[in-house]
Amino acid sequence: MSMKGGVTALTRRNYKLASDTDKPRATGIVNDKLLSDYLHQVFPSPKQGPAGASPRKPLGLQDLNAHLEKLLSEGETPEENQPVEGRLGPQPVVLDHTSGFEGLLFVDDDLLGVIGHSNFSSIRATTCVYKGKWAYEVLISSQGLMQIGWCTLNCRFNQEEGVGDTPDSYAYDGNRVRKWNVTTTNYGKEEKLVEKDCAVWKLHGDPTVLVTVAHIFNHFAPLMCKVYLVEDVLMNFLLGILEGGGSVDEHPLIQQLLDLFWLLMEDHEVNECLKLLMMSLLRAYRFSPIIPDLGFQIHYLRLTTAILRHERSRKYLLNNVLYPSVFVFFYIKTPLRVKEAGLEELIPTTWWPTHFDKEANKAEEEDRRGCKVLASLVSSSVVEELQVQILRLLLNNKDKTTGEASRYIFLNKFRKFLQENASNRGQHPTALCPPEYMVCFLHRLITAIRTSWDEGSRKCPGSLSSEDAYVPPQLFYNGKVDYFDLQRLGGLLSHLKKTLKDDLASKANVIIDPAEIQTTSMDDLDEDEEIGAAQRPLGAAAIGGALARPSWLSSPTLGRANRFLSTAAVSLMTPRRPLSQPEKVKVRTLAVEQRTEDDIEGSHGNDGLLLGRPLEEPDKPIADKSLLEIIDGIVMMYNLSVHQQLGKMVVVADEVHEYAVALKDTEEKIARCPARRSDIMEELQKSQKVFAEKLNHLSRRLAWINATIYSKEKMLDVYWLLCVCIRTIEHADGTGSLFAFTPEFYLNVAMNAYSALKNYFSPSNSMEELPGYEDTLTQLATILAKHFADPRIVGTDIKDSLMQALASYVCYPQSLRAVERIPEEQRVAMMRNLLAPYEQRPWAQTNWILVRLWRGCGFGYRYTRLPHLLKTKPEDANLPSLQKPCPSLLLQRHMAELLRMDKDMAASFLNSVLNQLNWAFSEFIGMIQEIQQAAERPERNFVDTRQLKVCATCFDLSVSLLRVLEMTVTLVPDIFLDWSRPSAELLLRRLAQLLNQVLNRVTAEKNLFDRVVNLRLPGLESVDHYPILVAVTGILVQILVDGEKQGFFMSTIRGTRLRKSFFLPTDTDYISEEEKQKVEVMLAFLTEESKQAAASTPTSEEDLCPICYAHSISAIFKPCSHKSCKACINQHLMNSKDCFFCKATITGVEDYNKPAS
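Values in this document were obtained by computation on a predicted structure and should not be read as measured data.

Cut-offs used in this document
Residue indices follow the written sequence of each chain, beginning from 1 at its first position. In keeping with the predicted nature of the model, local features appear solely for residues at pLDDT of at least 70, side-chain atom pairs appear and are counted solely at 80 or more, and the whole-chain, interface and lining totals rest on all residues. Only hydrogens and water are set aside; all other atoms, that is, all heavy atoms of the structure, feed into the side-chain values. Secondary structure is summarised from DSSP: a helix means a run of H or I of at least four residues, a strand means a run of E of at least two, and numbering begins at the N terminus for each. Burial status follows relative accessibility: with a 1.4 Å probe on protein chains alone, a residue under 20% of its type maximum counts as buried, one over 50% as exposed, and anything between as partly exposed. The contact definition used throughout considers only heavy atoms, calling two residues in contact when any of these lie within 4.5 Å. Accessible surface is estimated by sampling points in the Shrake-Rupley manner with a 1.4 Å probe; for residues, cover comes only from the protein chains shown. How far a helix is expected to stretch is found by multiplying one less than its residue total by 1.5 Å. Between 30 and 60 degrees the pair is tilted, below 30 it is stacked and above 60 it is edge-to-face, where a pair is any two Phe, Tyr or Trp rings, Trp via its six-membered ring, whose centres lie within 6.5 Å. Pairs of N or O atoms are called polar contacts if they sit within 3.5 Å, as long as, within protein, a hydrogen donor faces a hydrogen acceptor (for residues adjacent in sequence, only side-chain-to-side-chain pairs). Each axis is a line fitted through C-alpha atoms, taken for helices only over the stretch in contact, and angles between the N-to-C directions span 0 to 180 degrees. Angle categories: roughly parallel below 35 degrees, roughly antiparallel above 145, roughly perpendicular from 65 to 115, and oblique for all the rest. In the sections that follow, a salt bridge refers to a side-chain nitrogen of Lys or Arg positioned within 4 Å of a carboxyl oxygen of Asp or Glu. When DSSP finds two or more bridges between two strands, those strands count as paired. In this description, a nonpolar core means a group of buried Ala, Val, Leu, Ile, Met, Phe, Trp, Tyr and Cys residues linked to one another through side-chain atoms lying within 4.5 Å. Only residues above 30% relative accessible area that lack a salt bridge enter a patch, with like-charged residues linked at up to 9 Å and the nonpolar side chains Val, Leu, Ile, Met, Phe, Trp and Tyr linked at up to 5 Å. Just so you know the grouping, Ala, Val, Leu, Ile, Met, Phe, Trp, Tyr, Cys and Pro go in nonpolar, Asp, Glu, Lys and Arg go in charged, and all remaining residues, Gly too, go in polar. Confidence scores here are pLDDT values: one per residue, from the predictor, ranging 0 to 100.

## A closer look at the overall build of the protein
Helices and strands together make up the secondary structure of the protein, namely 42 helices and 21 strands. Within the span of the protein, comprising 1157 residues, buried residues form 49% of the whole. The contacts in the protein between residues at least 6 apart in sequence include a share of 72% that link residues at least 24 apart. For the protein, the accessible area works out to roughly 56900 Å², and carbon and sulfur atoms hold 52% of it.

## Some details on the environment of L492
With respect to the secondary-structure elements, L492 resides in the loop between α16 (435-459) and α17 (493-499). Among the residues examined, L492 registers a relative accessible area of 42% and is labelled partly exposed. Residues L492 and G795, 303 residues apart in the sequence, show an inter-C-alpha distance of 10.0 Å.

## Brief notes about helix α26 (residues 744-759)
Over its 16 residues, α26 runs 23 Å from end to end, which matches the ideal 22 Å to within 8%, given 1.5 Å per residue. Counted residue by residue, α26 has 13 buried out of 16 residues, so it is predominantly covered.

## Concerning helix α28 (residues 796-809)
The α-helix winds at 3.6 residues per turn, so residues separated by three or four positions along the chain end up facing the same way. Compared with the 20 Å implied by 1.5 Å per residue over 14 residues, the 20 Å span of α28 between its first and last C-alpha is a close match. Every buried residue of α28 is accounted for by I798, L802, M803, A805, L806, A807 and Y809. The elements touched by buried residues of α28 are α26, α27 (773-787), α29 (813-821), α30 (824-834) and α31 (843-854).

## Some points on the packing of aromatic side chains
What the rule picks out here adds up to 25 aromatic pairs. Ring plane angle 55° and centroid distance 5.9 Å describe the contact between Y323 and F410, whose orientation is recorded as tilted. On the criterion of sequence distance, the pair formed by Y323 in helix α10 (residues 322-325) and F410 in helix α15 (residues 406-423) is long-range, its members being 87 residues apart. Across the pair, F410 and Y323 agree in class, each one buried.

## Brief notes about the side chain of S313
Its location among the elements puts S313 in helix α9 (residues 311-320). We classify S313 as buried; its relative accessible area is 0%. Of the polar contacts made by the side chain of S313, one reaches the side chain of H310; its length is 2.9 Å. What S313 contacts, discounting residues up to four positions off in sequence, is L258, W262, L274 and I307.

## Some words on the packing of helix α5 (residues 227-242) against helix α7 (residues 267-286)
For the pair α5 and α7, interaxial distance at closest approach is 9 Å and the crossing angle is 75°. In terms of axis orientation, α5 runs roughly perpendicular to α7. Contact with α5, carried on its side by V227, V230, E231, L234, M235 and L238, involves C273, L276, L277, S280, L281, R283 and A284 of α7 and no other residues of that element.

## With respect to the side chain of H310
One can find H310 in the loop between α8 (295-308) and α9. A polar contact is formed between the side chain of H310 and the side chain of D259, at a distance of 2.6 Å. Those residues within four positions of H310 in sequence are excluded, and the remaining contacts are Q255, L258, D259 and W262.

## Quick look at the pattern of salt bridges
This structure, assessed with the given rule, holds 24 salt bridges. Here E1074 ties to K1078 by a salt bridge, and the two come within 3.9 Å at their closest N and O atoms. Taken as a pair, E1074 and K1078 lie in helix α41 (residues 1073-1095) at a separation of 4 residues, close to a single helical turn. Take E1074: its relative accessible area is 52%, and that puts it in the exposed class. With relative accessibility at 25%, the residue K1078 sits in the partly exposed group.

## Here's the deal with the sheet that holds strand β19 (residues 1115-1118)
Taken in spatial order, the 3 strands of this open sheet run β20-β19-β21, and their pairing is antiparallel. Of all strands in the sheet, those with a lone pairing partner are β20 (1123-1124) and β21 (1148-1151), marking the two edges. As defined by bridge partners, β19 adjoins β20 across 2 bridges and the pair is classed as antiparallel. Pairing of I1116 across the sheet is with K1123, part of β20.

## Section: the nonpolar core
In terms of nonpolar packing, the biggest core is built from 262 residues, with F410, F441, L445, I630, Y638 and F924 touching the most fellow members. Here this core gets 14 residues from one element, more than from any other, and that element is helix α33 (residues 903-936). Residue contacts for F924: discarding those within four places in its chain leaves C951, C954, F955, F1009 and V1023.

## Details of a nonpolar patch on the surface
A surface patch of nonpolar side chains, amounting to about 300 Å² of accessible area, comprises Y172, V177 and Y187. Tracing the backbone shows Y172 in strand β11 (residues 169-173). Classification of Y172 by relative accessible area gives partly exposed; the value is 32%.

## Side note on the pairing of strand β13 (residues 183-186)
As judged from the 4 bridges shared by strand β12 (residues 178-181) and β13, these two strands associate in the antiparallel manner. If you follow K179 over to β13, its bridge partner there is T185. Between the antiparallel neighbours β12 and β13 lie 1 residue, among them V182 with a positive phi of about 70°.

## Side note on the packing of α5 against helix α6 (residues 253-264)
The N-to-C vectors of α5 and α6 enclose an angle of 145°; their axes lie 10 Å apart at closest approach. Touching L234, F237, L238, I241 and L242 of α5 are L253, I254, L257 and F261, all from α6. Taken together, the residues of the contact of α5 with α6 break down into 9 nonpolar, no polar and no charged.

## Some points on unusual backbone geometry
Among all residues except glycine, the phi angle is most often negative; among peptide bonds, the trans geometry is most common. Residues K1118 and P1119 are joined by a peptide bond in cis, for which omega reads 10°. Residue placement: P1119 occurs in the loop between β19 and β20.

## Re the environment of W180
Looking at where W180 falls in the secondary structure, it is placed in strand β12. Residues contacting W180, with those up to four places away along its chain left out, are Q147, G164, D165, S169, Y170, A171 and D173.

## Describing the confidence of the model for the protein
Residue-level pLDDT values for the protein average 76, and 73% of them are 70 or greater. Every residue in residues 49-53 is under pLDDT 50, and counting partners more than four places away or in other chains gives 0 contacts. This stretch, residues 189-212, has a pLDDT under 50; its non-local contacts, to residues over four places away or in other chains, come to 19 contacts.

## Remarks on the environment of L770
Tracing the backbone shows L770 in the loop between α26 and α27. For L770, a relative accessible area of 4% corresponds to the buried category.

Structural data, given as C-alpha cells:
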C-alpha cells in the first residue's frame, strides 16, 4: 500500500453494521412479507435449500443486523491456523517493517498500524499468495491520497512510484475512485489485467531436475530475501531441525546450511536473509505466549543460539543487526493475564499480609508452596541458561580467523549503546531500549561476565577472581575508555586535566604536554573541532625533548571530554626504570569505533586499559582486561535505567497492599451492616468480590515478578554489583587527588544498589542472608561517612545524594551499628564535618542526621509517629522517618568531646544553629499568618498546596533545630553555663530569647498558632503543640532543673505566659515518670520566679534596650554613642559593623552604667 500522510491499520475480520434501532419504525408503507422475501433473496443463507423447502423466519429491517452477523459467522473458517494452498507467510499477517518499505513510516508496536510521513511512502505485508482468489482488509484512519493493492516479487518502489504505478503491481485509489496499473481507469469497468501479468501472478511450467547445488542457490537466493518466505518457510524449517531436543551442538545441519549460504550466495543476499531471519525470531520470541516453563521462548532461543554459533554469521549480526534489538532475547515478560501463564494451576490458593481468617495459615502455606514451585520452574528453566549461552557466544574472544573477535565487536557496540542512552536520558529516556529489557539483560550479562572472568582466572594463577572484581582507577583518566559527557566527581574532565596534571605526573606517571593543554572553555572546544585538526597548534614537548605531533593525534573523537583529550599528547614512563631515562609510550584517546584489540588488552610494552597505574594501586594481574570495560558498562547501565525499573516493579506489591486494606475494610463494613439493609449488603458483597478477584490476580502476578525479577539469584547479582562499586571507590580513593576523575555514577550505583537490596527484594529475600553482609555494610558506611563532605567532590547533586544516603543510613539499627564499626578516626572526622557551621552549605540534611542520632534520648522523644497522628494514619515501617528510635551513644560522645575541646568550633556551630532557628521559626509564623488570612476570606476558602508544604517544612526544621540545641545542652552544658568560655553568656542569652519567642507564640491562649492547628488543613498534619513544646521543655528542664544559671536565664523569659497543660500534654505515653517530675519542679520554679518578678519594681522603659526590650542598657557604641544591651550588640557585630540607628561604623563597644540620679 502507498500513502501520502495517511494512517492505515490492518484489522482482523470483524464486520459490524451501525445500529439503526434508535430510528422510528415505519409501518403501513411496505408489506412485511414482501420485505422479508426481498431481504432473504438479497442476503441468502448458504445452508438454505430451495425456496419454499423449509419455513423461513420473517426478516425485517430491525432484524437485518443480527441476520448479517449470523451469516458472517457461518462463513468464517473454523481453523485459521491450517495451511492453505496458494499462500506463503505467517498466519498473523503483519506489516514488513524490516525490508518491505520505502520512505519515512511510523509502524505500531504490533506491526498492524502505519503512518506515512514522506511523499508516497510504501510498505508491504509479510504474506505472499500465488494461487486462488484472495482479499485482505485495511481500516483507513485518516483522509488523504492512498493506493492499496497487490505487487509481485519483482516490484520496486521509490518516493515517486508506489503500488499501482509499476507494471508489476495493481492498486485501487479510494480517494479518486480509480484503479491503477501504470495507467489508470475508472473503478468498476470489467477488464482484466494485461496478458503479460498473468504469468507473473501464477506459478507454471514443468519441474526441472537441477544438476548442481550452485544452480539451486542461483534461483533460491533471491527468494531468501523475502520476509514472508524467511519467516514462514526458512525459520520453520530450521526450527524443525531442532525439534528433536538435545543440545544445540548435536544438530550440525544448521551450521552446514549457513556455510552453504556464505559459499554459494552473494554477501548482500546472505546479509539480508540473516537480518530477516533474526528479526523474525525476535518477533516470534517477543509475541510468544507465556507459560510457566517458557517452552515457546526456549524454542526460539535454541535456534538463535544455533545461528550465533556460526562465526561469520555471528559477526555480521553483531555488527549490523543485534544492537539494540538483541535485548528482546533476554526479556522474560510478565503475563498481563494470569490464565495466560497457567498461574492459577500453580498457585490455586493465594494469600496476602492482611488475610486473617480461619483458613489464613493454611492459605499462606499453600501460597508459599506454589510460589516456590513457580520460582523453581522459572529459575531452573533453560531459558536463562540459553540467554547466557548467547552472551557467551557474543563474548568470544578467540574467533579471530575471520577478523576482529566477537567480544571486541560486542564491547564497542555495547559502549555505543550506552552513549546513546546516556545522551538521550534527559529528553527521551529509554527511547532506544525499554528499561524492563535492560533489567533482564543486566542479570544475564553479569552471569556471563563472571563465568568468563573465572575461566580466565583459572588459566592465570594469582589473578583476581570475579568475587573480588573491581574497576581499576586508571580507566578513569588514561583515555582508554570513553565516558562521553558524564560528570566526574571533581567536575569537568578538561578542568581536571589542567588542574591535576602535576598529580598525574607524580602519582600515575602520566605526563600531559603543557603546550597541548588548551585554556579554552568546553564550548570553545566545539569551535576548535569545526575549524579542523589542521589549524590546531602543532608541536609537543615531552620530558625535556621536542617531539613532532603524530598525525593520528588529530583524529576527531566522540564527546566533548574526549575532544579535549584528543588534543593532549600523553607520555607514560615505567616506574621500574630510572626517572632520568623514562620509556616514552605515546597513547591517544580513541573513539569507541577506532579502538583495536591492542588498545584494550595491551601488547608488548603496553598495558592496554591498565595504562597509567598509580603507585598506590596493587599490580595484580587481570586475565581479560576487556571484561573490565564491560563491568564498567554494567555499572553505567544500572545507573541509567535498571534501578529505576526495579523500583517501578514494586508497585505491584503496593497495589496488593492497597487492595488488601480495601478488602479488609469492606469485610468489616459487611460485619457491621444491619440485616434490614439488604441493598447496602448487596453492594458491599459486590465490592468484596471485586477486591478478592483483583487480589488473587495481583498476588499471582506478584509471585511471577518475585520469581523473575526479585529472586535470590537476582539479589545476589545486585549485591555483587554493589561490592564491585565499593571496591572501585576504595581503590580510587587511595589515589588521593586522582579520586576526582572517578565518574559520579559509581557512588550513585553504590547507594542505589544498597537501597534496592533493602527495599525492593524484601520481604521475599533478606539482606542478612547475603555473604559478608555486615562487612559490606561497614564498607559502605565508611564511604558515606568519608565522602559526604569530601572537598574532592564538587557536584551539588552527588553531595546531596551522599548526605541523604547517610541520613537514611543512621535511621536503621543495623546500618547505624555499621557506622559505629568504622575506624574511630573516621567517625570523629564525620562528626566534625557534621558540626561545621550551618552556613553556605545545605545544612538541613546535616541537622536531620544529628537529630536521628539523638532521637530516643531527648525529652519525650521516643515516638515513631507524632501522637496526634497515630489514629489518623497507619504506620509505614519502610519510611526512614518512621523507624523506631535507635540513638547512638558512641557518636554522641564524639560530638560532646569535639564541642568541649574546640571552643571556637562550638561557638560558631551553635551561633549558626540559633541563626537558622530564628529564620525557620520566623518564616513559619509569617506563613501561618498568610494561611489564617486566606482561610478567613469568604471569596477564597482554599490555600495553595505549595504554601502549606513550605509552612510544614519550616515547622519541622524549627523542631529539629530545637532538638539539636537540646542535644547540645544535655551533652555539653558547659557551652552555655561555663562563664569561663567567652561565648557562653551570649549563647545563653540568644537561646533564652529564641525560647521566649517560641513560647509566646505557641502557649498564648487563642493565639494564631492554635487557630491554624485547629483548621486541620491537609499538608499541615505535623504542625501541632506536642512536638515543639516537648523540645522546648527538654531545653528548659536541662537548664532550670539540672543547670546552675537559673537566675540569669529567668531574666529573659520572665514575661512569658506559661500554662501547665502545655508542658504536660494529655497524651503522655512517650513521657516517663522521671520527666514528669522534672517538669513539676520546673513549673514550680517558674511560678515562684514570676511572683518575685511581679513584686519587684519594674524597670523604666527608658532604661530598657531599644532593640529587644528585655534587658537593661549595658553597652555604648563608639564613636556614635548609641546604646543597647550587650547581647544585642554582640549578636549584631557577628554579621555587621554598622550601628543599628545611624549606620556609622562601630569602632568599639564599652560598658555602660547609668549615672546616679
